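# Chains, contacts and geometry: an overview
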There are 4 protein chains.
Amino acid sequence: MAAGPEVRAALRAQAVETPSWAYGNSGTRFKVFAQQGVPRTPQEKIDDASRVHAHTGVTPSVALHIPWDRVDDYAALAEHAASRGVRLGTVNSNVFQDDDYRLGSVTHPDAAVRRKALDHLLECVDIMDATGSRDLKLWFADGTNYPGQDDIAARQDRLAEALRAVYARLGEDQRMLLEYKLFEPAFYTTDVPDWGTAHAHCLQLGPQAQVVVDTGHHAPGTNIEFIVAFLLRAGKLGGFDFNSRFYADDDLMAGAADPFQLFRIMHEVIGGGGLGPQTAFMLDQCHNIEPKIPAVIRSVMNVQEATAKALLVDRAALTAAQTDGDVLAANAVLMDAYHTDVRPLLAELREEWGIDPDPMAAYRRSGWAERTVAERVGGTAAGWGA
Amino acid sequence: MAAGPEVRAALRAQAVETPSWAYGNSGTRFKVFAQQGVPRTPQEKIDDASRVHAHTGVTPSVALHIPWDRVDDYAALAEHAASRGVRLGTVNSNVFQDDDYRLGSVTHPDAAVRRKALDHLLECVDIMDATGSRDLKLWFADGTNYPGQDDIAARQDRLAEALRAVYARLGEDQRMLLEYKLFEPAFYTTDVPDWGTAHAHCLQLGPQAQVVVDTGHHAPGTNIEFIVAFLLRAGKLGGFDFNSRFYADDDLMAGAADPFQLFRIMHEVIGGGGLGPQTAFMLDQCHNIEPKIPAVIRSVMNVQEATAKALLVDRAALTAAQTDGDVLAANAVLMDAYHTDVRPLLAELREEWGIDPDPMAAYRRSGWAERTVAERVGGTAAGWGA
Amino acid sequence: MAAGPEVRAALRAQAVETPSWAYGNSGTRFKVFAQQGVPRTPQEKIDDASRVHAHTGVTPSVALHIPWDRVDDYAALAEHAASRGVRLGTVNSNVFQDDDYRLGSVTHPDAAVRRKALDHLLECVDIMDATGSRDLKLWFADGTNYPGQDDIAARQDRLAEALRAVYARLGEDQRMLLEYKLFEPAFYTTDVPDWGTAHAHCLQLGPQAQVVVDTGHHAPGTNIEFIVAFLLRAGKLGGFDFNSRFYADDDLMAGAADPFQLFRIMHEVIGGGGLGPQTAFMLDQCHNIEPKIPAVIRSVMNVQEATAKALLVDRAALTAAQTDGDVLAANAVLMDAYHTDVRPLLAELREEWGIDPDPMAAYRRSGWAERTVAERVGGTAAGWGA
Amino acid sequence: MAAGPEVRAALRAQAVETPSWAYGNSGTRFKVFAQQGVPRTPQEKIDDASRVHAHTGVTPSVALHIPWDRVDDYAALAEHAASRGVRLGTVNSNVFQDDDYRLGSVTHPDAAVRRKALDHLLECVDIMDATGSRDLKLWFADGTNYPGQDDIAARQDRLAEALRAVYARLGEDQRMLLEYKLFEPAFYTTDVPDWGTAHAHCLQLGPQAQVVVDTGHHAPGTNIEFIVAFLLRAGKLGGFDFNSRFYADDDLMAGAADPFQLFRIMHEVIGGGGLGPQTAFMLDQCHNIEPKIPAVIRSVMNVQEATAKALLVDRAALTAAQTDGDVLAANAVLMDAYHTDVRPLLAELREEWGIDPDPMAAYRRSGWAERTVAERVGGTAAGWGA
């Protein structure tokens, strides 16, 4: 299966955004296993992210998480990033880690808490203005743990009100990406539990509001690629938070748990015309027990391989078999691409791009891990609280 | 917990529609266990349905399934129903049991099959005109079994086209109720897999298109009452197909598997102003191993009990506790109603309504079961094929 | 439905153990919302537990978690408990919160880590000797996050070796309760993921090894009461960790999410002869957003209510209907008990026992909450790390 | 990644049994779409199975299903198979399609029904004697639909009694393979719902009783390869029913839904020493919408490819990385094999074996499909009822 120039160009153009928090410590409610050499500042997170870009060539931007990455001077932070060969990307809000948010943020029964949460969201747009970020990603931990705890519909009203206020604040080149999640940390209702809810709110808001699909945020059995195809058809797919899972929101490396699913998703992205900068391809994962930078590199490579395979699908043959109603032939066309080993192609492309064909080995050889362990001594390692 | 006049009036006004097919034989792919005395004609199904109404007082209408209940003269069928004290209700289309529908109906890759399916749907509206039915319920088995089998987005286009054609054919007092289902009989993609998809299509179509929630059609862990609350808030809840499940679309008696869930659903219905004729409360279940008429009676009683409990919720106290953020108090208000034994209340109401306080016992004593076993000899018992 | 003397006696004899950690702070990986008045020491946790016993009359023992409840003098701790009217109960080991356990404890690839973990388990038996505890509850967070990470079968060998060593150390009146859990914190394999695994190990070990069922540790759709019935029939049900869940291991209050399931479980417990001291009825839950002591009281009441309803099942009528193959009648016998409002019965019994019929109100009136908020100032609030 | 002689020998030795019923019509409860050319007799099913063997070279035996494949003269049937180049394999019992089995077979409350079911199972062993089959595969549809319907523990007693009687009847070279399934057709309890139940019964019975793993019979999220590894370690893995699923027991082609899972399963099979004739590798799937013979061929090829990839795992490197606790390196070793395109290797091997390197194309060219459509006219097409 030969990869033509379009395939090569598409792989060259692909950009995956890595999240600043993936470079810090993370864990489960049971334990955060601290690792050595972990960054202590937003700047050091960016330094780590720049290493991933250096070795993969396809991760030119870093997502920020506010307040974890709050700094006094965002222009200086952007310059720091530029000096490392990357740029600041999506701004992620956080309205779930203050004691005030025990019962919610923008959906909290108390108007004062809602105001505080909204102010934070508006601050995030201020930061976007400073960083030049295009996208504001909104994930709400809001929900309830017990039947009766709060009024489901009233919480939707409060949510809609906050979203309208944020939407009104957006600049004309800025977008709001609304994320949904089935459960956790809320265990009875979640205020944006599924794509249907996110989509309905985005429809109400307008064209700058888009849905973001986190691949770990669905009920068991949910067909994610269907959602992707549907949102693309509706012009409402803003982007992805890639990660993988066997059970719940496990946040494992993208492509690690179900590489075939990732391929099917990329197949729909391509079929729906979504493989371009209008779709934000982001990672959002936790490297609880494995070293973080190589885990991010591996995840990026997994996304690349899924993309390459999806690009190799013989779409003319596929459409012909589909039109004929030839179930086995159509499936075979898709599987033929999936079964292709695209690693040699990607290695070849990396050489074309002037980087090492084996990013994992190159990173290992770079000495970055040893150097950060040696140098990043003292201070407080970054984690979900900072 | 005293039941005031509003509670009593609401229970008196409640109407649950029973489905003609629940009175016929049903089963799993492994086996249909035929029962004795099962109706052989639409008329006999209506006779059985009238028995449920006679004993419960709250099931005045019978849903039809076309072609299973196809007759030459629908006006005569309506008269038959009226003579039995019930009326014809929702018309259910069937575009899944013809060999042509192996790869879909309105989403089939072949335009000729799509046309055939659409013609059937339009015929169903003709029947509605004849029967005076308000609602057309659309459930599509359409989907695919294998990745690549067909184009997900193209199938949405075809679906939208068919829905538009049917919608255009509706009379001004008629509605289209669009049902969704996660899977089965399709095992990879389903063309209307979730409420989000149904809702998006209904939004496109207009106010006469509404979503119907079948309580057995969701992924594990889905919070159904959230969907109910959301759709009511959006003015898009058309009705329910009640049944219950432990696993998939088990189609057990409503309230049998999770009575607390049914209560929570009715709590949202009431809170959202949905307890009225604009919401079609229907049963859709299969009595594979238990006798059918008493199973329907039991299901109706389960719905009544859940409704009664939800009506007993002290909403002022609930709102107060919610506003205070008092999690345990709010939960306790809800649970207080749920834990109340409403069977005495319902027995009392039935006596007021002039029917036996114990519908199950009254049905047993009526001799209907023995009579139908004796009389319904010969012919072909009704089932999912007829 | 009159409750005879056997029912009353059974409810009087019922004992539910509360966990020391339920009184401390807990949360999700996203946030631990600290509460005021939370205990700072094992002694204060016991004080709180004694309040639950004072108001419910059925929680005479407190489970310990080592090292969170490690003290220098366990005899003194036992005396403290006695002075508060309770006793020390099950000892829970913790081999998941040390950095050494990143890749497992007793199943870790490194023998030195395994030894460390085993030493901790043996220390727990030492503590049992000191406290007079009967049961050692073992839950292992051990597992892997990625395919290939470790050898599944080798980990079973290591697990079996450790269990044998602990079993050999047990006194003749001591038991090992082996807990299973589908996932979390491990996200690919868990070394004791299901009851089948726990049961197989316990069979190998001998009669003092028993399985403990945590109601939140199963895959979606798992029928927990089947497992309970099976284990009781096999003589291998050691006890329960009660809590409830809508999604994963949500650790909500027992009976809050699915009271019917809790009833069905208690029905099997009673049917299998398990309602006695040989079965350890324990709570294991997290009160992340609600106040902890009243949440425990509510949970205990929920267990009592489920037990009372299960005791009211007319077992003779049930067996008769089952023997007749009368599906609806058998189901109706069970549901008749479930629908009974047993709160008046329990209130009456509490008065007989000399306690307030309304434990929640009595606790509120007691002023304990205000007192602990005022007095427990300074120090470090107890949580999952202490 | 070069495939050494051991890999080639293992692939040459691999045998996959195909099920007679896969060649007949099948469907869902909604519809069985009849196909043309479908066999009408056990002999014609064997003819079809022989075509799969002719093109793949690895399916030398055909599983029978009694009574669907009941014949007067099993020796003659075996001769027919031999004349077609295949042999009769596992005998599958059926105690779920008679009206008597509405409430169960060997667990039915009525002793007469239990006796009838047991007699059928014993007849199956008689047939095994006649056919020379080694394995009796037992799957029970037994269970209940409603809480209270029957006594869970009593049903286990009845099950154990029947299994003992069948076990006692086995010849010394015969085995009983006990299958488990979470649900369907029973929707509340299933009498053998999980591997733990099957394993416990097999332990009681003795060494000739073994567990069979159907890959579609688990709760969502269940880690099947863990079960495989556990059973192999315990000497209790009798075999597999391969198929694949996205939702429930979808019975899609093996490897179609999650090829990575199939690879992981084969990896555990090989690691546990299970890749040999003592493990029965069987297909059990339904080709509802696709043509049956090529679907079986594709499934066999998928199993071969998963096996080939698993054989290519560098186990020395894997063990080294696991021992080092190098999570990413260990995962990479496994994924390296998975990502390898083994289709050229298998094509090469087929040429060595004297068959066409492309079984799908060879079958298409053979004209068998057209020939059977032309010749198999009249009679009753085989299906789940015959």
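Residues numbered from 1 in each chain as written. Chains lettered and ligands numbered in written order. Predicted model: local features only at pLDDT ≥ 70, side-chain atom pairs only at ≥ 80, totals over all residues. Heavy atoms only, no water.

### Re the UniProt feature "domain: Xylose isomerase-like TIM barrel" (unreviewed entry) in chain A
The UniProt entry lists residues 72–249 of chain A under the feature "domain: Xylose isomerase-like TIM barrel" (unreviewed entry), expressed in the numbering used here. Across residues 72–249 of chain A, helical content stands at 39% and strand content at 17%; the span's end C-alpha atoms are separated by 33 Å. (UniProt positions renumbered as here; feature names shortened; annotations may be inferred. Helix = DSSP H or I, 4+ residues; strand = E, 2+ residues; numbered from the N terminus.)

### Quick look at the interface of chain A and chain C
Counting residues at the interface gives 42 residues for chain A and 42 residues for chain C. For the chain A and chain C pair, buried surface summed over both sides reaches about 4,000 Å², with 63% attributable to carbon and sulfur atoms. Sorting the residues of chain A by area buried against chain C places Arg29, Phe30 and Tyr146 of chain A first, and these three jointly supply 23% of that buried surface. Seen at the junction of chain A and chain C, the total is eight salt bridges. One salt bridge connects Arg29 of chain A with Asp249 of chain C, and the closest N-O pair in it is separated by 2.8 Å. For the side of chain A that touches chain C, the class distribution of residues is 25 nonpolar, six polar and 11 charged. (Contact = heavy atoms within 4.5 Å. Buried area = accessible area lost by both parts, 1.4 Å probe. Salt bridge = Lys/Arg side-chain N within 4 Å of Asp/Glu carboxyl O. Nonpolar A, V, L, I, M, F, W, Y, C, P; charged D, E, K, R; others polar.)

### Considerations on the packing of aromatic side chains
Two descriptors summarise a pair of aromatic rings, namely the distance from one centre to the other and the angle between the planes of the rings. According to the stated counting rule, one finds 72 aromatic pairs over all chains in the structure shown. Both rings, one in Trp384 of chain A and one in Phe30 of chain C, keep their centres 5.2 Å apart while their planes meet at 35 degrees; by these two values the pair is tilted. One end of the pair, Trp384 of chain A, is in the segment after helix 14 (368–375); the other, Phe30 of chain C, is in the loop between strand 1 (18–19) and helix 2 (42–56), on a second chain. No difference in accessibility class separates Trp384 of chain A from Phe30 of chain C, as the two residues are buried. (Phe/Tyr/Trp six-rings, centres within 6.5 Å; stacked < 30°, edge-to-face > 60°. Buried < 20%, exposed > 50% of the residue type's maximum accessible area, 1.4 Å probe, protein only.)

### Observations concerning the relation of the copies chain B and chain A
Rotating chain B by 180 degrees about the axis while translating it 0.0 Å along that axis superimposes it on chain A, leaving an RMSD of 0.0 Å. What we have between these two chains is a two-fold relation. Of the C-alpha atoms belonging to chain B, the one lying closest to the rotation axis is found on Gly196 of chain B, 1.9 Å away. A shared binding surface is used by both copies, with 100% of the interface residues of chain B retained as interface residues in chain A. (Least-squares fit on C-alpha atoms with pLDDT ≥ 70 in both.)

### With respect to the pattern of salt bridges
Enumeration over the complete set of coordinates arrives at 128 salt bridges over all chains. Residue Glu44 of chain C is joined to Arg376 of chain C by a salt bridge in which the shortest nitrogen-to-oxygen separation is 3.6 Å. Pair noted here: Glu44 of chain C is in helix 2 and Arg376 of chain C is in the segment after helix 14 (368–375), with a separation of 332 residues, a long-range link. Comparing Glu44 of chain C with Arg376 of chain C shows no difference in burial state: the two are buried. Each of Arg29 of chain A together with Lys181, Glu184, Asp249 and Asp251 of chain C takes part in one network of salt bridges that share partners.

### Section: the pairing of strand 10 (residues 280–283) of chain C
Alternating positions in strand 10 of chain C separate into two faces, Ala280 and Met282 of chain C on one and Phe281 and Leu283 of chain C on the other, with burial throughout. In this view, the connection linking strand 9 (residues 237–242) of chain C to its parallel neighbour strand 10 of chain C by way of helix 8 (residues 259–271) of chain C has right-handed handedness. (Right-handed = clockwise from strand over helix to strand, strands pointing away.)

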